[in-house]
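Residues per chain are reported as follows:
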Amino acid sequence: MSPQKQAEEAMVSTFDQAEPDDREEEENGKEHSGFSFRSFLWHGGSVYDAWFSCASNQVAQVLLTLPYSFSQLGMLSGIILQVFYGILGSWTAYLISILYVEYRSRKEKENVNFKNHVIQWFEVLDGLLGPYWKAAGLAFNCTFLLFGSVIQLIACASNIYYINDNLDKRTWTYIFGACCATTVFIPSFHNYRIWSFLGLGMTTYTAWYLTIAALVHGQDEGVKHSGPTELVLYFTGATNILYTFGGHAVTVEIMHAMWKPQKFKYIYLLATLYVFTLTIPSAVAVYWAFGDQLLTHSNAFALLPRSGWRDAGVVLMLIHQFITFGFACTPLYFVWEKVIGMHDTKSICLRALARLPVVIPIWFLAIIFPFFGPINSAVGALLVSFTVYIIPSLAHMLTFRSASARQNAAEKLPFFMPSWTAVYVVNAFIVVWVLVVGFGFGGWASMTNFIKQVDTFGLFAKCYQCPPRAPAPPRPAPAHH
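So, how was this worked out
- Residues numbered from 1 in each chain as written.
- Predicted model: local features only at pLDDT ≥ 70, side-chain atom pairs only at ≥ 80, totals over all residues.
- Heavy atoms only, no water.
- Helix = DSSP H or I, 4+ residues; strand = E, 2+ residues; numbered from the N terminus.
- Salt bridge = Lys/Arg side-chain N within 4 Å of Asp/Glu carboxyl O.
- Buried < 20%, exposed > 50% of the residue type's maximum accessible area, 1.4 Å probe, protein only.
- Contact = heavy atoms within 4.5 Å.
- Phe/Tyr/Trp six-rings, centres within 6.5 Å; stacked < 30°, edge-to-face > 60°.
- Axes fitted to C-alpha atoms, helices over the stretch in contact; angles between N-to-C directions.
- Parallel < 35°, antiparallel > 145°, perpendicular 65-115°, else oblique.
- Left-handed = near helix turned anticlockwise from the far one by under 90°.
- Nonpolar A, V, L, I, M, F, W, Y, C, P; charged D, E, K, R; others polar.
- Polar contact = N/O pair within 3.5 Å; in protein donor to acceptor, adjacent residues only side chain to side chain.

Remarks on unusual backbone geometry
- For the peptide bond that leads from glycine 227 to proline 228, omega is 0°, which places it in the cis range.
- When you line up the elements, proline 228 lands in the loop between α10 (193-217) and α11 (231-244).
- A positive phi angle is found at asparagine 111, which is not glycine, with a value near 65°.
- Considering the arrangement of structural elements, one finds asparagine 111 in the loop between α6 (75-109) and α7 (121-129).

Next up, the structure:
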């Protein structure tokens, strides 16, 4: 038997022993006529669950802002950058999965038991590279997930306004902040099985609604497609796409929820390929129909005529944003539980109560910065660039810098990489590209655009990009007798 095959079998063996509670859940689900309704809805840990979680989490509200990005980039650049960043994102998600497996295999050789403990990205960095890397991973990851949750709240308010404009967007943010706070009751990513499945179905409906509705509507009279026109807009749009395919800040938590995490390696790539079928047709069709109008309408729903189909898309996206809020917030809940010593608590109600303080700053930030669209690019440039592109690439290079580390790696090179030199070349390219183009030019452009929004609408904007209300008709003059 080859050494690689022996290593893989050893990994399966140690991982099966490491999570006895998970294995029991899986086996219990097979008892009693081979089916448990509770397990079907609540306890997910298969490869399919991980795929649904990755695909569902990757494309949420950003689906509605991609046509806006196309108006900034132009059609050709928009399509090329989606494919480019999709591939880059899939590669760095693969690196994260390799580092997770390496960390866990090393710890299990030391007889560390992870029962009732969820491994997180900053712990992987700590175990492999030390406390400074842990601090960097914790800072970037938590800040990104915090603002990722903020973006979902902003998107909820932006979307519901197109169904019911009796309340302004800020008031809707208050309401949806309270609704999203109920995610504190979902213990871990094991318990997102049915939600991930439904979330992806909802996004799929919305993406194809946008595509078909835009084609049926046809091009507006005199429509112009002048992008790209300014460097600021070009790099703002590019960083929104970088943000779109940088949704793997929760990769480690999704892997840890799997019964066999070593099978995760190519799941994110397969999820990305499916996401392409949603993001590219919808962005192309909406931009083709409305062109430069999208520069002042960052939410694609704003330009499509109201109908039952559109309202259904809005409602489904609202539900999906609730799910994605939970995805982004759950790792923050874990961090907070570990800080206050509640992570091992088995009572769902006690853990929910302990998690509530995490939701409050998210709620507050969504009210301060309600800039749906521009905030995606700012988060992409300043946080996603490091969290899910630069840090994983550097961490992988440093973890396997010695010949002994490469020789004893728990996972060997992928079949499409001829040597470790090729891996290092790809990782170095990602670091330089994202640092210069994503963080450098993207940071300059997105912050310039973000500051422009603050100057135009102000902080705590009551109703960002809302159309002006028609003045009330004058009252008829009283009749003279």
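Comments concerning the pattern of salt bridges
- Following the criterion strictly, the structure yields nine salt bridges and no others.
- Across the pair lysine 107 and glutamate 110 runs a salt bridge, and its minimum N-O distance is 3.9 Å.
- We note a salt bridge from arginine 351 to glutamate 337, for which the minimum N-O separation is 3.0 Å. In this pair, arginine 351 is assigned in helix α15 (residues 348-368) and glutamate 337 in helix α14 (residues 308-340), connecting sequence segments 14 residues apart.

A closer look at the environment of tyrosine 174
- Note that tyrosine 174 resides in helix α9 (residues 169-180).
- Of the residues examined, tyrosine 174 reaches a relative accessible area of 39% and is grouped as partly exposed.
- When the C-alpha positions of tyrosine 174 and alanine 157 are compared, they lie 8.7 Å apart, and in sequence the two are 17 residues distant.
- Apart from the residues within four sequence positions on either side, tyrosine 174 is in contact with Trp363 and Ile367.

Quick look at the packing of aromatic side chains
- In total, this model carries 25 aromatic pairs according to the counting rule given.
- Between tyrosine 94 and tyrosine 266, the aromatic rings sit 5.9 Å apart at their centres with planes inclined by 15°, giving stacked as the arrangement. Here tyrosine 266 lies in the loop between α12 (251-256) and α13 (267-290) and tyrosine 94 lies in helix α6, a separation of 172 residues in the sequence.
- A residue is classified by how much of its surface remains accessible, and tyrosine 94, at 5% relative accessible area, is buried.
- The exposure class assigned to tyrosine 266 is partly exposed, which follows from its relative accessible area of 29%.
- Ring geometry for phenylalanine 140 and phenylalanine 386: centres 4.9 Å apart, planes at 20°, overall stacked.

Observations concerning the packing of α7 against helix α8 (residues 131-160)
- At a minimum axis separation of 7 Å, α7 and α8 run at an interaxial angle of 165°. Considered as vectors, α7 and α8 are oriented roughly antiparallel to each other. Pair α7 / α8 crosses with right-handed handedness. Mapping the contact onto sequence places Trp121, Phe122, Leu125, Asp126 and Leu129 in α7 and Pro131, Trp133, Lys134, Gly137, Leu138 and Asn141 in α8.
- Here the contact of α7 with α8 is composed, by residue class, of seven nonpolar, two polar and two charged.

Some words on the side chain of threonine 244
- By the element assignment, threonine 244 lies in helix α11.
- Here the side chain of threonine 244 touches asparagine 240 through a polar contact of 2.8 Å, landing on its backbone oxygen.

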